[in-house]
Amino acid sequence: PGPRSTPSLHGDLAFAYSGEGILFAVDLPAAKILWQHKVIADLGGQSPDYGVACSPLVHGETVIVVPGAPDGAVAAFETRTGKLAWAAQAKGQAD
């Protein structure tokens, strides 16, 4: 299963976030996956039965997604390396 949202382009890279919560970086000239992360699982969550849909947002040299996981409601990764740049936890419940 592939993405349920629009991939994002940044220079020679494409970013896609799958319905299972996997973030992919693809090197377009080489036509190869540069890196991938099971973002929801890595941040302590489980993918919902109905899956997820989030278009990756590229800001500077980071790519941001909204996994909604306990250890990262929102998370950013370095575009070239895939290293976690930061993760923000949710505080309390939304009304």
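Since we're looking at a predicted model, the values are computed, not measured.

(A) Spatial organisation of the pairing of strand β7 (residues 74–78). Direction of pairing for strand β6 (residues 62–65) relative to β7: antiparallel, over a ladder of four bridges. Along β7, the bridge assignment pairs T62 with E78. Summarising the sheet, β7 and strand β8 (residues 84–88) pair through four bridges and their orientation is antiparallel. Bridging across to β8, A75 finds its partner in A87. Counted between consecutive antiparallel strands, the loop separating β7 from β8 contains five residues, among which G82 sits at a positive phi close to 80°.

(B) Structural view of the nonpolar core. Ranked by size, the top nonpolar core spans 16 residues in total, and within it Y17, L23, W35, V39, V65 and F77 carry the most contacts. Of all the secondary structure elements, the ones that give two or more residues to this core are β2 (13–17), β3 (22–27), α1 (39–42), β6 and β7. Element by element, the count of residues in this core is highest for β2, at three residues.

(C) The arrangement of the sheet that holds strand β4 (residues 32–38) in detail. Sheet architecture is open: four strands sit in the order β1-β2-β3-β4, paired in antiparallel fashion. Of all strands in the sheet, those bounded by a partner on one side alone are β1 (8–10) and β4. Put simply, the sheet's adjacent strands are angled 20° from each other on average, direction ignored. Across three bridges, β1 lies against β2 in antiparallel orientation. In the sheet register, H10 faces β2, and the bridge partner there is L13.

Here is what the cut-offs are and how they apply
Within any chain, residue numbers begin from 1 and follow the written order of that chain's sequence. Predicted model: local features are reported for residues with pLDDT of at least 70 only, side-chain atom pairs are reported and counted for 80 or more only, and whole-chain, interface and lining totals are derived from all residues. Calculated side-chain values reflect all of the structure's heavy atoms, with hydrogen atoms and water omitted. Here the rule is simple: two strands pair whenever DSSP picks up at least two bridges between them. Helix numbering and strand numbering both begin at the N terminus, where a helix is a DSSP run of H or I of at least 4 residues and a strand a DSSP run of E of at least 2. Residues belong to a common nonpolar core when they are buried Ala, Val, Leu, Ile, Met, Phe, Trp, Tyr or Cys residues joined through side-chain atoms within 4.5 Å. Each residue's exposure class comes from its accessible area (1.4 Å probe, protein chains only) as a fraction of the maximum for that residue type: buried when under 20%, exposed when over 50%, partly exposed otherwise. Between N-to-C directions, angles span 0 to 180 degrees; the directions come from axes that are lines fitted to C-alpha atoms, helices contributing only their stretch in contact.

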